[in-house]
Number of protein chains: 4
Amino acid sequence: MSSFGENTRLTIFGESHGEGIGAVLDGVPAGCRIDMDRVYAQMARRAPGKDKTATPRLEKDVPRVLSGMLDGVTTGAPIACLIENTNTRSGDYANLLEKPRPGHSDYTAFVKYGGNNDIRGGGHFSGRLTAPLVFAGAVLRQILETEGIKIAAHIESIGGVSDERFNPVCIGDELMERLSGSAFSLINTSVEEKMRAEVESARADGDSVGGVIECAVTGLPVGIGGPLFDGLEGQIAKAVFGIPAVKGVEFGAGFGSAKLRGSQNNDPFAVKDETVVTETNNCGGILGGISNGMPLVFRAAIKPTPSIAKEQKTVNLTSATDDLLAVRGRHDPCIVPRAVSVVEAAAAIAIFDLWC
Amino acid sequence: MSSFGENTRLTIFGESHGEGIGAVLDGVPAGCRIDMDRVYAQMARRAPGKDKTATPRLEKDVPRVLSGMLDGVTTGAPIACLIENTNTRSGDYANLLEKPRPGHSDYTAFVKYGGNNDIRGGGHFSGRLTAPLVFAGAVLRQILETEGIKIAAHIESIGGVSDERFNPVCIGDELMERLSGSAFSLINTSVEEKMRAEVESARADGDSVGGVIECAVTGLPVGIGGPLFDGLEGQIAKAVFGIPAVKGVEFGAGFGSAKLRGSQNNDPFAVKDETVVTETNNCGGILGGISNGMPLVFRAAIKPTPSIAKEQKTVNLTSATDDLLAVRGRHDPCIVPRAVSVVEAAAAIAIFDLWC
Amino acid sequence: MSSFGENTRLTIFGESHGEGIGAVLDGVPAGCRIDMDRVYAQMARRAPGKDKTATPRLEKDVPRVLSGMLDGVTTGAPIACLIENTNTRSGDYANLLEKPRPGHSDYTAFVKYGGNNDIRGGGHFSGRLTAPLVFAGAVLRQILETEGIKIAAHIESIGGVSDERFNPVCIGDELMERLSGSAFSLINTSVEEKMRAEVESARADGDSVGGVIECAVTGLPVGIGGPLFDGLEGQIAKAVFGIPAVKGVEFGAGFGSAKLRGSQNNDPFAVKDETVVTETNNCGGILGGISNGMPLVFRAAIKPTPSIAKEQKTVNLTSATDDLLAVRGRHDPCIVPRAVSVVEAAAAIAIFDLWC
Amino acid sequence: MSSFGENTRLTIFGESHGEGIGAVLDGVPAGCRIDMDRVYAQMARRAPGKDKTATPRLEKDVPRVLSGMLDGVTTGAPIACLIENTNTRSGDYANLLEKPRPGHSDYTAFVKYGGNNDIRGGGHFSGRLTAPLVFAGAVLRQILETEGIKIAAHIESIGGVSDERFNPVCIGDELMERLSGSAFSLINTSVEEKMRAEVESARADGDSVGGVIECAVTGLPVGIGGPLFDGLEGQIAKAVFGIPAVKGVEFGAGFGSAKLRGSQNNDPFAVKDETVVTETNNCGGILGGISNGMPLVFRAAIKPTPSIAKEQKTVNLTSATDDLLAVRGRHDPCIVPRAVSVVEAAAAIAIFDLWC
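Attention in this report is confined to the structure presented alongside it. Note that the structure is predicted; figures quoted are calculated from it, not measured. Per chain, residue numbering runs from 1 following the sequence as it is written. Written order determines the labels here, with chains lettered from A and ligands numbered from 1. It should be noted that, the model being predicted, local features are given only for residues of pLDDT at least 70 and side-chain atom pairs only at 80 or more, the latter also being counted only at that level, while totals for whole chains, interfaces and linings use all residues. To obtain the side-chain values, all non-hydrogen atoms of the structure were used and water was disregarded.

A look at the relation of the copies chain B and chain A
Cut-off, in case you're wondering: Least squares is the method for superposing the copies, and the C-alpha atoms it fits come from residues with pLDDT of at least 70 in both.
For the pair chain B and chain A, the superposition axis carries a translation of 0.0 Å, the fit reaches an RMSD of 0.0 Å, and the rotation angle comes to 180 degrees. The transformation relating the two chain copies, once decomposed into turn and shift, fits a two-fold axis.

Structure (structure tokens):
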């Protein structure tokens, strides 16, 4: 199912080159005021064509709200939004029907759907389907913000160039606001130039490059989540792995904690300003699947965009023989900067579903 | 909810020191022959008390099948199993009510349940709750095996000591069978001594140590999974993060792929023996959330057991002051070896739910 | 949630006088050819304005398929359809905000949504929301028909005028086809005039009238459904009660069976043409929640349309005093004829979800 | 799935003559005090062997709570209960394997499960599986009662003998309490003798008899439920149709409303004691799928028990020929009195799931 959530359910529809893409968001409480300009701002962060790191396609991606809002306030009915598809060049994908792109869903989707899926632009597997996800996240995070819950992410690394990581015991509102409004989100903005060079270098080679996005949620009260399959980690991971290209998710110290001893990894409790806090935050704000009141911090590994101009080995499905492919068309050499707001949106949806 | 799955739903109940723990597994097809000795064998791999890496508690953990099987064959009704609790020493946990253990759910559960949760032995958050998970996985993997789908995991590392990783393009049946029957599962068994020494060193220090488990699924046909929130990665991650202590999950090259270029990370397709294969397997057998016919490979980061004998900083919830705690009782210095079969079980459940 | 189904999930969005209404149908297999003319034909049966039994509003109700179909064949991606709202006269409903219509959701929705719901035309509670339901049913029944499963309903009664009931042990394909294509669906067409007179009489009085719809599903194989909460009765009832105005659902002899003895109500088994059949069909084709191979027969009670021109007692919510209301606007004196295809659609959705 | 509910999920397991039957109830809030004597009292109302209307089997049916409660208070973990099976005589059912009982699930389950289901005593289809349902309902209704929500049902009719119906605009607490504690629940107790005679007459004939149960829920606040598939009617119907033998469910005037005009069926609003009420209650307390603050009233049709001593026509599945069958063993001539508490339990579960 292309849907997520038990209490607030997001369903995403659409194919990259079909009539349109969109989302239905059911279970949002009535009476919440939504600032559409802030929704558009989040969608703009994800939209392509802003600069050289992204594809030169100029998607408009203006979401039309079909239902669920009246005069900027939620009605309690499902919120449906539609983004019409325009500016598509299907011809670019003509030969993908028989020559699947390495690293893409072309081959697996072909087998699963018996060749009936819409291959144009990746169809329902396209990264374009993250636009309605960002729409939904942008709605829900506004409601979370009225409760003091903030979500922001940054580019932890692209290829070999790294930003600072969050200081997980202390993440100020100012930083959260700056990051969640940024088009190239960095804690240490001085690395921007070097990162852009990394992307440009890949692009110049007809290649692409991956990266890591780090996301924080602050202001989350103690007690969100639950044991076993209801845990925050599993819920967030399911949402974040729903983003095409994500191949790893870790919380707090994550894979690093596997190398530690308990005495190093355990976060000591302390009382500070009459509140229970932890002195370190290796657990990423989650104990027993439940938020502990500290910042929730996780990282998502984004693989390099599989569509590259370089010639690659593939197969011809019709003749069942080895073949070669150079992917033409307009492609991002690095989707990491655009994926920042998508990861934030996935976090918003996962948390809202457990919180509401 | 303490349940997982849409088509085949596992519900886990029980508290560590209550009457008993168990599972209900609904949606299993009728007519499947289940060898209970193989179920017991999997549960024995998880059971404590086998050697010095584990707690000296001697759980019997014999599951009693209450329904859903008749003469060793599934009836189509929900399969319920009960493991009676015996050999518990609640006294060990008496002071946890007011002094939460660092790294444990004590504090978050206390807040979430208003102090009504069963704190003894960790209650519903106890690692003991993974016993019914292994039961369920052991049932489902037998059904998967009749279709040629095999699941096996090994200890990729404990602390600083590492095993070899799977060769992700070629994992033989022999290796899969050996690993999935092993009590200390390693590809390169020559590292066992060094790993045990790492655990023993932590134990001697009144400390604990974490590790990484790598799991492979072979024989999976092309086409299992789907786009967006129905992807194999999200489904498996949700199940695996349901295991207490897991803090990271990555597929194929995982976080490593974030450092690669597309030309390095993309797995070239090739035709081999009239079958489409990939020459490398950085995608971990999953493209577009769908199995591609290659071995599915993922890794789970296991944090060090939080219960340690060393004195740690905590707080007294009654007096709202800083305090100290040395966790008494019988605890595993390293749960990684025991968690191998749990990770396999989680994979079995996740895959069965998408496959059936 | 405004959604139905576990394996094939229908989500309905929209408000009567908003931008548009529609549906997302997820989980439909790829490769199914859908004849859109047959979809339009079903929607035309539900559409208003055909004759005097219905409202003179002229809805166009042409569904635009946004995704999930390519060249008339399902792609495996969610099928989304949008029906733009046109021809609405919101002014008619202006005073409903403070004076709730008896028999309508105005009052309960006002309380539930704190006055934020879209009251115009009934908002998300409008009978107009059954248009996307018919769309979804019309898609799914075409797939069911390729497997020999047919669905048809007729007007069992309107007010005091009754049609014949189905002969539940023998329902021919010809009858099923005739009924499922009819705009005023009757087994015994000679009662049509009398029924129309019943409706016209209510209309002339500024009143409305209710009725019963009887639905049959033929060609269903033995074994669909399950025990307890997975039974065909509960699944179908949940879908059919999702239609506004339905207040009762019964299967086979239904409430009549409560008056019978077991020896009268039990359906004797017999072997006929090497197939197990029952000689009577008081169980409505369902035993133990599972189809038994006989026609599945159920009836739904439709209450009279609550919107009537006659003056009725209501309250003024602002002043908290008793008040009077005569509902202006264009309303159906009887929705039973239009609801026939809606009941068929609900049955299609419920059965498809258990069957697929 | 043998489970019900999204927010509070009940899963029922067990087979009539297996090791035991039981339930897992997940999602119950922590900190609710449950009086087990009141749970036992509800289960005693359902238990057989009390008098001549029921089977002389003497089930003990004492539920053992395995988890989720500590010192009589819910812990927040899933509540699991086990009822061990004792006093079974499997021999009675030996010939059912080849000769399915008319009106029973024997034939449909045989086909669905390929003959692997546990036929003894009806297996998972047995009416005995309603014992855990009553357990779950008895827990949840205690929590509802702390909020002033009461649930009670009575025998509306058995065969041709009828009790009074509820006065749906005014149902006093005293009546609710008397009914919900009664073993032969009647509003007008003077009909008891005549009803018992009706049952006795069927029993003497080796036959059985059906009936109708009417259930009321009082104290429900305005605003529970929702539009379309989230409506109270569909939710309750799904739960009530989960009870074996239920073949019809209607709300308020139900099928009777189909004969009325809108001006008769609409319930006029009025202000009474500063509260909005309706002067009649044909809608059964539900408008637009949402509770309106009036008593919620519904009726369930119970078919006569299919197991009768009289000889009936059936088929021999092995030889595929017509055959005869007289069901031996101990059977209820009328399950309606015992089913009263089961209907109440189903209502409790359905309402709790929407309310919590």
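Right, picking up where we left off after that structure.
So, the interface of chain C and chain D
To keep things clear, this is the line we draw: The criterion used for residue contact is that any of the two residues' heavy atoms lie within 4.5 Å. Here the buried area means the combined drop in accessible surface, using a 1.4 Å probe, for two parts upon being joined, counting both sides. The working definition used for a salt bridge is a side-chain nitrogen of Lys or Arg within 4 Å of a carboxyl oxygen of Asp or Glu.
Counting residues at the interface gives 99 residues for chain C and 99 residues for chain D. Summed over both sides, the interface of chain C with chain D buries roughly 7700 Å², with 62% coming from carbon and sulfur. Per-residue buried area on chain C facing chain D is highest for Leu228(C), Phe229(C) and Lys247(C); these three make up 12% of the total on that side. Our count for the chain C to chain D interface comes out at six salt bridges. Here Glu233(C) and Lys247(D) are joined by a salt bridge, their closest N and O atoms 2.9 Å apart.

Re the environment of Val65(D)
The criterion, for reference: A run of DSSP states H or I qualifies as a helix once it reaches four residues; a run of E qualifies as a strand once it reaches two. Both are numbered from the N-terminal end.
Looking at the element boundaries, Val65(D) is found in strand 4 (residues 64–67). Separated by 47 residues in the primary sequence, Val65(D) and Gly18(D) place their C-alpha atoms 19 Å from one another. Once you skip the residues sitting within four places of it in the chain, Val65(D) turns out to touch Glu19(B), Met36(D), Ala80(D), Cys81(D) and Phe135(D).

Remarks on the sheet that holds strand 4 (residues 64–67) of chain B
Residues and elements named next belong to chain B. To be explicit about the condition: Note: two strands are recorded as paired if DSSP finds a minimum of 2 bridges between them. Lines are fitted to the C-alpha atoms to define the axes, a helix being fitted only along its stretch in contact, and any angle between axes, read from their N-to-C directions, falls within 0 to 180 degrees.
Strand order in this open sheet of five strands is 1-2-3-7-4, and the pairing throughout is antiparallel. Only two strands of the sheet have a single neighbouring strand rather than two, namely strand 1 (3–4) and strand 4. The sheet contact formed by strand 1 and strand 2 (residues 9–14) spans two bridges and is antiparallel. Within strand 2, the position partnered with Phe 4 by the bridge is Leu 10. With respect to the sheet, helix 3 (residues 130–145) is in contact with strand 2, strand 3 (20–26), strand 4 and strand 7 (79–84), its orientation differing from that of strand 3 by roughly 30 degrees.

Focus: the interface of chain B and chain A
For clarity, the threshold we go by: Contacts described as polar in this section are N or O atom pairs within 3.5 Å, which, within protein, must combine one atom able to donate a hydrogen with one able to accept it, while residues neighboring in sequence count only if both atoms come from side chains.
Counting from both sides, the interface comprises 99 residues of chain B and, opposite them, 99 residues of chain A. Roughly 7700 Å² of surface becomes buried between chain B and chain A when both sides are summed, with 62% attributable to carbon and sulfur atoms. Linking chain B with chain A are six salt bridges. For the interface between chain B and chain A, the tally reads 41 residue pairs in polar contact (both at pLDDT 80 or more). As judged from the three bridges shared by strand 11 (residues 246–251) of chain A and strand 11 (residues 246–251) of chain B, these two strands associate in the antiparallel manner. Bridge pairing in strand 11 of chain B places Val249(A) opposite Val249(B).

So, the state of the cysteines
Rule in force here: In what follows, a disulfide is any cysteine sulfur pair within 2.5 Å.
Taken as a whole, this structure holds zero disulfides over all chains when the rule is applied. Not engaged in a disulfide, the cysteine Cys170(B) finds its nearest cysteine sulfur in Cys283(B); these two sulfurs lie 16 Å apart.

Quick word on the relation of the copies chain C and chain D
Expressed as a screw operation, the relation of chain C to chain D combines 0.0 Å of axial shift with a rotation of 180 degrees, fitting to an RMSD of 0.0 Å. When the interface residues of chain C are mapped onto chain D, 100% of them are again interface residues, pointing to one common binding face.

With respect to helix 1 (residues 36–46) of chain A
Residue and element names in this part refer to chain A. The line we're drawing: The classification of residues rests on relative accessible area computed with a 1.4 Å probe and restricted to protein chains. Under 20% of the type maximum is buried, over 50% is exposed, and intermediate values are partly exposed.
All of the buried residues along helix 1 are Met 36, Val 39, Gln 42, Met 43, Arg 45 and Arg 46. At its buried positions, helix 1 is contacted by strand 4 (64–67), strand 5 (69–70), strand 7 (79–84), helix 3 (130–145), helix 4 (173–180) and helix 8 (336–355). The N-cap of helix 1, judged by a side-chain oxygen 2.9 Å from the amide nitrogen of Asp 37 a few residues on, is Asp 35.

Examining the environment of Ala183(A)
Note on placement: Ala183(A) falls in the loop between helix 4 and helix 5 (192–204). A C-alpha to C-alpha distance of 9.8 Å links Ala183(A) and His154(A), two positions 29 residues apart in sequence.

Side note on the side chain of Ser185(D)
Residues and elements named next belong to chain D. Secondary-structure assignment places Ser 185 in the loop between helix 4 (173–180) and helix 5 (192–204). Within polar-contact distance, the side chain of Ser 185 engages the backbone oxygen of Ala 153 at 2.6 Å. Ignoring any residue separated from it by four or fewer positions in sequence, one finds Ser 185 in contact with Arg 45, Ala 153, His 154, Ile 155, Leu 179 and Val 340.

Notes on the packing of aromatic side chains
To be explicit about the condition: Only Phe, Tyr and Trp rings are paired, with Trp represented by its six-membered ring, and only when their centres lie within 6.5 Å; those with planes under 30 degrees apart are stacked, over 60 edge-to-face, the remainder tilted. In this analysis the charged atom, NZ for Lys or CZ for Arg, is taken to sit over a ring once it is within 6 Å of the ring centre and within 35 degrees of the ring normal.
Following the criterion strictly, the structure yields 26 aromatic pairs over all chains and no others. Centre to centre, the rings of Phe251(C) and Phe241(D) are 5.3 Å apart; their planes meet at 90 degrees, and the pair counts as edge-to-face. With Phe251(C) in strand 11 (residues 246–251) and Phe241(D) in the loop between helix 6 (232–240) and strand 11 (246–251), the pair connects residues from two separate chains. Using a relative accessible area of 0% as the deciding quantity, one classes Phe251(C) as buried. Through pairs of rings, three or more aromatic residues link up here, namely Phe241(A), Phe251(B) and Phe298(B). One residue, Arg196(A), lies across the ring of Phe184(A), its end atom 4.2 Å from the ring centre.

Some words on unusual backbone geometry
Notably, Glu274(A) is not glycine yet its phi reads approximately 65 degrees, a positive angle. Note that Glu274(A) resides in the loop between strand 12 (269–272) and strand 13 (275–278). Judged by its relative accessible area of 81%, Glu274(A) falls in the exposed class. Backbone geometry places Asp71(C), a non-glycine residue, at a positive phi of 50 degrees. Within the fold, Asp71(C) resides in the loop between strand 5 (69–70) and strand 6 (73–74).

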